[in-house]
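Per-entry structural report
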Amino acid sequence: MSTALAIIGAIGIIGSLLFSGWQARVLAKQVGFQATMNGVATLHSVLAGLHNVQRFLADDPSLIPHFAPERSECALDVADPARVEMVAAMYADVLCIGHYALSAVPAAQDENTWDLYCTDLLKKSPALRAEVAGKPWGYPRLAKIAESLASDDSTKV
């Protein structure tokens, strides 16, 4: 009788261990799925912020030469300087937020890709460079990129 109870107890323990293993496997899948969804949500919010700022360029084409000169024939002095400064500050804010958000949620995107995007914008946009140079404490990661661009330019001269 005690042998039968021991066998029944062992079967119960083995069944419990198998069930726990299955639960752990399902939980691991759910955690992976949630990490992916967090990455997608983070990337979506960063890009939505970027699109909100870029909307100013679509609404006022005189701003385009200050942020994407390769896409405009207009002169730089056509745009309202205060509006240029405001959009540059908004752009820098979104780029900084993107850096922090993408580094906090690695599943969102490779942070190096965002660095390349920021580098490209800083190379092309005199207004963005001026904003970052004027407030390096406000945009530390962008300031680091701008410094590396400036040092690259000084070595080429």
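Only a predicted model underlies this, so the values are computations on that prediction, with no experimental measurement involved. (Residues numbered from 1 in each chain as written. Predicted model: local features only at pLDDT ≥ 70, side-chain atom pairs only at ≥ 80, totals over all residues. Heavy atoms only, no water.)

**Observations regarding the overall build of the protein chain**
Scanning the protein chain from N- to C-terminus turns up six helices and zero strands. Across the protein chain, helices and strands are ordered from the amino to the carboxyl terminus as α-α-α-α-α-α. In terms of overall dimensions, the protein chain is more spread out than a globule: its C-alpha atoms have a radius of gyration of 26 Å, far above the 15 Å expected for 157 residues. Projected onto its principal axes, the C-alpha positions of the protein chain cover 95 × 40 × 25 Å. Burial analysis of the protein chain (157 residues in total) assigns 29% to the buried set. Residue pairs at least 24 apart in sequence account for 64% of intrachain contacts in the protein chain once pairs closer than 6 positions are excluded. Surface exposure of the protein chain reaches about 10,000 Å², of which carbon and sulfur atoms provide 64%. Separation between the mean location of the 12 positive side-chain charges and that of the 16 negative ones in the protein chain comes to 10 Å. (Helix = DSSP H or I, 4+ residues; strand = E, 2+ residues; numbered from the N terminus. Rg over C-alpha atoms; globule rule 2.2 N^0.38 Å. Buried < 20%, exposed > 50% of the residue type's maximum accessible area, 1.4 Å probe, protein only. Contact = heavy atoms within 4.5 Å. Areas by Shrake-Rupley, 256 points an atom, 1.4 Å probe, with all protein chains shown as cover. Lys, Arg positive; Asp, Glu negative; His and termini not counted. Charge placed at Lys NZ, Arg CZ, Asp CG, Glu CD.)

**Some remarks on the pattern of salt bridges**
In the structure shown here, the tally under the stated rule is five salt bridges. Between Arg-83 and Asp-60 there is a salt bridge whose closest N-O contact spans 3.1 Å. Of the two residues, Arg-83 is situated in helix α3 (residues 81–104) and Asp-60 in the loop between α1 (2–59) and α2 (64–67); the sequence distance between them amounts to 23 residues. For Asp-60, a relative accessible area of 18% gives the class buried. Between Glu-70 and Arg-71 there is a salt bridge, with its nearest N and O atoms 3.8 Å apart. (Salt bridge = Lys/Arg side-chain N within 4 Å of Asp/Glu carboxyl O.)

**Focus on the packing of aromatic side chains**
Throughout the structure, instances matching the rule amount to three aromatic pairs. For the pair Trp-114 and Tyr-117, a centre-to-centre distance of 5.4 Å together with 35° between the ring planes defines the contact as tilted. With Trp-114 and Tyr-117 both in helix α4 (residues 111–124) and three residues apart, the pair spans about one turn of that helix. (Phe/Tyr/Trp six-rings, centres within 6.5 Å; stacked < 30°, edge-to-face > 60°.)

**Points about the packing of α1 against α3**
One can describe the packing of α1 onto α3 by two numbers: an axis separation of 10 Å at closest approach and a directional angle of 170°. Classified by the interaxial angle, the pair formed by α1 and α3 is roughly antiparallel. Where α1 abuts α3, its residues Thr-42, Leu-43, Val-46, Gly-49, Leu-50, Val-53, Gln-54, Phe-56 and Leu-57 lie against Arg-83, Met-86, Val-87, Met-90, Tyr-91, Val-94, Leu-95, Gly-98, Ala-101 and Leu-102. The class makeup of the residues in the contact of α1 with α3 is 14 nonpolar, four polar and one charged. (Axes fitted to C-alpha atoms, helices over the stretch in contact; angles between N-to-C directions. Parallel < 35°, antiparallel > 145°, perpendicular 65-115°, else oblique. Nonpolar A, V, L, I, M, F, W, Y, C, P; charged D, E, K, R; others polar.)

**As for α1**
The end-to-end C-alpha separation of α1 is 84 Å, in line with the 86 Å expected for 58 residues at 1.5 Å each. Within α1, the full set of buried residues consists of Gly-39, Thr-42, Val-46, Leu-50, Val-53 and Leu-57. (Expected span 1.5 Å × (residues − 1).)

**Considerations on the nonpolar core**
Phe-67, Tyr-91, Leu-95 and Leu-142 are the most contacted members of the largest nonpolar core, which has 32 residues in total. Secondary structure elements with two or more residues in this core: α1, α2, α3, α4, α5 (126–134) and α6 (140–156). Looking at this core element by element, the count peaks at eleven residues for α3. Among residues more than four places away in sequence, those in contact with Leu-142 are Ala-92, Leu-95, Cys-96, His-99, Cys-118, Leu-122 and Val-132. (Core = buried A, V, L, I, M, F, W, Y, C linked by side-chain atoms within 4.5 Å.)

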